[in-house]
Amino acid sequence: MDRKSVARLTSEPSTSLKPRQMSHLHSQLAQLQANLADLESLLRVTAVQAEYIKRLGGLQGSLFMAAGRVFEREAMERNVAQHSK
């Protein structure tokens, strides 16, 4: 190959490559924006769910405390009943 052919081969792909690269970058940017919108939506849902989990934890703790008191009261009543016999 002579120099003109080599120069033409190297310059042609770069000029035809740019529009394809820009098109590819544009589609990647669109996909990234869609993914970010999905992430934002999921983060909103997660924040709401975290608040519910916090409430659920408080309720669960209350139930454990109430159950502990019931068992303590039953144990005391059994002890009193045994000592009075």
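None of these values were measured; they are calculated from a predicted model. The residue numbering used here restarts from 1 in each chain and proceeds along that chain's sequence as written. Only residues with pLDDT of at least 70 get local features here, since the model is predicted, and only at 80 or more are side-chain atom pairs given and counted; chain-wide, interface and lining totals rely on the full set of residues. As a convention, hydrogens and water are excluded, and side-chain values are obtained from all of the structure's heavy atoms.

Asker: What is the right way to read the overall build of the protein chain from this model?
Answerer: Counting its secondary structure elements, the protein chain contains one helix and zero strands. The classification of residues rests on relative accessible area computed with a 1.4 Å probe and restricted to protein chains. Under 20% of the type maximum is buried, over 50% is exposed, and intermediate values are partly exposed. Counting only residues that meet the buried cut, the protein chain has 1% of its 85 residues in that class. Total accessible area on the protein chain stands at roughly 8100 Å², and carbon and sulfur atoms take up 63% of it. Strands here are runs of E lasting at least two residues and helices are runs of H or I lasting at least four, both read from the DSSP assignment and numbered beginning at the N terminus. Computed with a 1.4 Å probe, the accessible areas rest on the Shrake-Rupley method; for each residue, only the protein chains presented here act as cover.

Asker: Just checking my understanding: could you explain a nonpolar patch on the surface for this structure?
Answerer: A cluster of nonpolar side chains, namely Leu29, Leu32, Leu36, Leu39 and Leu43, defines an oily patch on the protein surface of about 470 Å² accessible area. Within the secondary structure, Leu43 is located in helix H1 (residues 3-84). Put simply, a patch holds well-exposed residues, over 30% relative accessible area, that have no salt bridge, with like charges counted together within 9 Å and Val, Leu, Ile, Met, Phe, Trp or Tyr side chains within 5 Å. In the sections that follow, a salt bridge refers to a side-chain nitrogen of Lys or Arg positioned within 4 Å of a carboxyl oxygen of Asp or Glu.

Asker: Can you walk me through the pattern of salt bridges in this structure?
Answerer: Note on pairing: side chains with opposite charge can pair once their charged atoms come close. Inspection of the entire model under this criterion finds three salt bridges. For Arg44, the salt bridge goes to Glu40, with nearest N and O atoms at 2.9 Å. Highlighted residues: Arg44 and Glu40, both in helix H1, separated by four residues, approximately one helical turn. Note on Arg44: relative accessible area 51%, which makes it exposed.

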